[in-house]
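Okay, here's what each chain looks like letter by letter:
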Amino acid sequence: MEKVQVVDGSKRLRALAWLSLLIVIAIAFAFVFIPAFLIIPFKSQTARGVAWSYALKNWSPVVTVIAASLSIALTVYLWRGARWFGRIAMIVLLAPVFIFAWFARQNHFEWMFNPLPDAAYARAGETDFVADRDLVMSVVINGEAAAYPIRQMGYHHIVQDTVGGVPIAATY
Amino acid sequence: MWETTVNGRKLKFHLAGINNQNFIMRDEETGSWWQQVSGEAIQGPMKGAKLNPVFHDELSFAVWKREQPGGRVLKPNPRVAPKYESADWEEKYEKLRVVTPVDAADKLAPRALIIGVKLNGEARAYPVRTLEKQSPILDELGGVPLLIVLGEDRKSVRVFERSVEGRALEFFIKPDSQPLQLIDAETATTWDFTGKAVSGPLAGKQLKRVALLKDYWFDWKIYNPKTSVFTLGERDLSPSDQPTIKKGADGRE
């Protein structure tokens, strides 16, 4: 009678561990994908949605690492005594947690639109890459003039520069 | 275009997201989020801070080269050059859909291009189509007499305060001028597209430049909900190559 109770208790604990593993993974998923979803292009955004996106994105690097650690601990606990299909399930569940932890450290907008950290410039008379009818953003500061062709700006969106001694960001 | 120094600290910006089809920038130093079109920090430790705007122009390369022969031009990055916008990007973008609610009372299409001007708390949108019909437009905004003029390339736009020593002047395009020149009705002085008086009684004077934002109507309205829209009165529909002198008081909404 007593022995049966012990088995029941251990089973319950194992079930709880399984449940925890699923919840931890779901939380990591939420912290990574809800912020990305809230600021997805071609959707309408609200101020509240943007605030949520910022908060979740801010916490996601920490939360996903905690989630990964907890998932490893739970897997180690569950591994012994798990049947082969249980072990496969654990591996299948664990792999995405590491992907989430990695994704939380990425800027997927910069995958789509590569930044331009090493911007190079040509003299006004030595350009073969801008047509006369192409639009440029033009700035003149303290006598120094720079132009940023819009066809390039529409891709990079941000170019940091120093013009006439003033650090600026051309944005389009 | 923005200065990147805020409270003595130089910030480095990254593309970080989209908010109603205008992008969000994130600075490396504080992690705050900034709205590109307004230069305002909308989330994070810098929330509420504003970047200083940098006065700039949107010009055709032909006009820019003429005015700034000693300038420098951003080179394409060969690694990503195939992803740059095509020459007909403007037409393509006009066809993109808009996701924010559209006001049924609006006379302008959401993707209509406008020249947005803000002065003394007042905002007004000048539809590019209107400017193509009539240039220059003489107007008054926030108590300031304005001159809005389209370059000879039919693409570059500039806005000026059209008063000299407290006197508002009326301008018209000098017929067949190439590059484009303007003449004021009061003194017959000739002015160039940079707002400089090149010959005549006021030679040497410089009209004060006014910042403008070329934008889509839907985006301008999100950030300037009280904006008015400039419209032409019927009698103002004169061909743009004819001298057109009109008071700013009429033709406004």
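What you see is a predicted model; the values in this text were computed from it and never measured. (Residues numbered from 1 in each chain as written. Chains lettered and ligands numbered in written order. Predicted model: local features only at pLDDT ≥ 70, side-chain atom pairs only at ≥ 80, totals over all residues.)

(A) Looking closely at the overall build of chain A. If you tally the helices and strands in chain A, you get 5 helices and 5 strands. By the compact-globule yardstick of 16 Å for 172 residues, chain A is too spread out, its C-alpha radius of gyration being 26 Å. On the principal axes, the C-alpha backbone points of chain A span a range of 95 × 35 × 30 Å. Expressed as a percentage of the 172 residues in chain A, the buried residues total 33%. (Helix = DSSP H or I, 4+ residues; strand = E, 2+ residues; numbered from the N terminus. Rg over C-alpha atoms; globule rule 2.2 N^0.38 Å. Buried ≥ 20, exposed ≤ 12 C-beta atoms within 10 Å, placed from the backbone.)

(B) How the structure looks around the nonpolar core. In terms of nonpolar packing, the biggest core is built from 48 residues, with Val136, Met137, Ala147, Tyr148 and Ala170 of chain A together with Ile24 and Met25 of chain B touching the most fellow members. Residues within four places of Ala170 of chain A in sequence aside, it is in contact with Met137, Tyr148, Met153, Val159 and Asp161 of chain A together with Met1 of chain B. Of all hydrophobic cores here, the second largest spans 36 residues; its members include Leu113, Leu147, Val159 and Trp191 of chain B. (Core = buried A, V, L, I, M, F, W, Y, C linked by C-beta atoms within 7 Å. Contact = placed C-beta atoms within 7 Å.)

(C) View of the pairing of strand β18 (residues 181-184) of chain B. Residues and elements named next belong to chain B. Two elements, strand β17 (residues 171-173) and β18, share 3 bridges in a ladder whose sense is antiparallel. Directly across from Phe171, in β18, lies its bridge partner Asp184. Bridging between β18 and strand β19 (residues 190-192) involves 3 bridges; their strand directions are antiparallel. Opposite Leu182, over in β19, you have Trp191 as the bridge partner. Between β18 and β19, which pair antiparallel one after the other, the connecting turn spans 5 residues, and Ala188 there sits at a positive phi close to 60 degrees. (Pairing = 2+ DSSP bridges.)

(D) The arrangement of the interface of chain A and chain B in detail. In this assembly, 56 residues from chain A lie in contact with 54 residues from chain B. Counting residues per element, the ones that place at least two in the side of chain A that touches chain B are α2 (47-79), α4 (108-112), β1 (121-123), β2 (135-141), β3 (144-149), α5 (150-156), β4 (158-163) and β5 (166-171) of chain A. Ranked by residue count, the leading element in the side of chain A that touches chain B is β5 of chain A, at 6 residues. Partitioned by chemical class, the residues of the side of chain A that touches chain B number 35 nonpolar, 14 polar and 7 charged. Strand direction decides the pairing type here: β2 of chain A and strand β8 (residues 57-60) of chain B, joined by 4 bridges, are antiparallel. Each bridged residue has a counterpart across the sheet, and for Leu135 of chain A the counterpart in β8 of chain B is Ser60 of chain B. (Nonpolar A, V, L, I, M, F, W, Y, C, P; charged D, E, K, R; others polar.)

(E) Just the sheet that holds strand β14 (residues 157-161) of chain B, in detail. Residue and element names in this part refer to chain B. Taken together, 4 strands build an open sheet; the order of strands is β12-β13-β14-β21 and the sheet is antiparallel. At either margin of the open sheet sits one strand with a lone partner, and together these are β12 (137-141) and β21 (208-210). Sheet twist, expressed as the mean angle between neighbouring strand axes with direction ignored, is 35 degrees. Pairing geometry for β14 and β21, over 3 bridges, is antiparallel. Of the residues in β21, the one forming a bridge with Phe160 is Arg209. (Axes fitted to C-alpha atoms, helices over the stretch in contact; angles between N-to-C directions.)

(F) Looking closely at the pairing of strand β10 (residues 113-119) of chain B. All names here are of chain B. For β10, the buried fraction is high: 5 of the 7 residues fall into the buried class. Here β10 runs beside strand β22 (residues 213-216); their pairing, made up of 4 bridges, is antiparallel. Across the sheet, residue Leu113 finds its bridge partner in β22, namely Tyr216. Hairpin connection, β10 to strand β11 (residues 122-127): the antiparallel pair is bridged by 2 residues, and Asn120 has positive phi, about 45 degrees.

(G) Seen up close, helix α3 (residues 84-103) of chain A. All names here are of chain A. The end-to-end C-alpha distance of α3, which contains 20 residues, comes to 29 Å, matching closely the 28 Å that a straight helix rising 1.5 Å per residue would cover. Where α3 is concerned, the buried positions are Val97, Phe100 and Ala101. Within α3, the buried residues cover an arc of 95 degrees as seen down the axis, which keeps them to one side. Residues of α3 that are exposed and point more than 90 degrees away from the buried face comprise Trp84, Phe85, Ile88, Ile91, Val92, Ala95 and Trp102. (Expected span 1.5 Å × (residues − 1). Arc of directions from axis to C-beta.)

(H) Inspection of the packing of α2 of chain A against α3 of chain A at higher detail. Residues and elements named next belong to chain A. Where α2 meets α3, the closest approach of the two axes is 9 Å, and the angle between their N-to-C directions is 165 degrees. It follows that α2 is roughly antiparallel to α3 by the angle criterion. Note on packing geometry: the crossing formed by α2 with α3 is left-handed. Between α2 and α3, the contacting residues are Thr64, Val65, Ala67, Ala68, Ser71, Thr75, Leu78 and Trp79 on the first element and Arg87, Met90, Leu94, Val97, Phe98, Phe100 and Ala101 on the second. Residue composition of the contact of α2 with α3, grouped by class: 11 nonpolar, 3 polar and 1 charged. (Parallel < 35°, antiparallel > 145°, perpendicular 65-115°, else oblique. Left-handed = near helix turned anticlockwise from the far one by under 90°.)

Limitation: the analysis is restricted to geometry and does not speak to function.
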